[in-house]
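Residue-level structure breakdown
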Amino acid sequence: MSVLVQMAMFPTDKGESKAKEVSKVIEVIKNSGYNYQLTSMCTIIETEKMSEALNLIGKCYEVLEKAGCKRVYSTITFDIRQNHEDRMKQKIKSVEEFIGEVSK
């Protein structure tokens, strides 16, 4: 199974810039061992099980809670597909078959 997660998570009570707090979240994801892609608006993560994705999201929230964040905003989108893997790369390759290499 492949569980793709698109998520953004940040505090709303820490001023205009969120880079310090978002960096803590990205560090949790980076250290998780799962494949991920950081973009300017969200992070995409691929796990094998839904429980792994949900556990990681919980850890991301906990790091913000420990950092003293009193209010956290998050958007989370899942794309779950049985009998597939490495979809972060495969989905891009599928598009590139039609239009050639895309910007990465």
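Taken verbatim from the UniProt record of the protein, the Sequence similarities (unreviewed entry) comment is "Belongs to the UPF0045 family."

**A look at the UniProt feature "domain: Thiamine-binding protein" (unreviewed entry) in the protein**
Sites flagged by UniProt as "domain: Thiamine-binding protein" (unreviewed entry) map to residues 5-96. Within residues 5-96, the helical portion is 45% and the strand portion 28%, while the C-alpha atoms at the span's ends are 21 Å from each other.

**Let's talk about the packing of aromatic side chains**
Going through the model one piece at a time under the given rule, you end up with one aromatic pair. Where F10 meets Y73, the ring centres are 5.5 Å apart and the plane angle is 40 degrees; that geometry is what we call tilted. Pair noted here: F10 is in strand β1 (residues 2-11) and Y73 is in strand β4 (residues 72-81), with a separation of 63 residues, a long-range link. On the basis of relative accessibility, which here comes to 44%, the residue Y73 falls in the partly exposed class.

Procedures and definitions
Residues numbered from 1 in each chain as written. Predicted model: local features only at pLDDT ≥ 70, side-chain atom pairs only at ≥ 80, totals over all residues. Heavy atoms only, no water. UniProt positions renumbered as here; feature names shortened; annotations may be inferred. Helix = DSSP H or I, 4+ residues; strand = E, 2+ residues; numbered from the N terminus. Phe/Tyr/Trp six-rings, centres within 6.5 Å; stacked < 30°, edge-to-face > 60°. Buried < 20%, exposed > 50% of the residue type's maximum accessible area, 1.4 Å probe, protein only.

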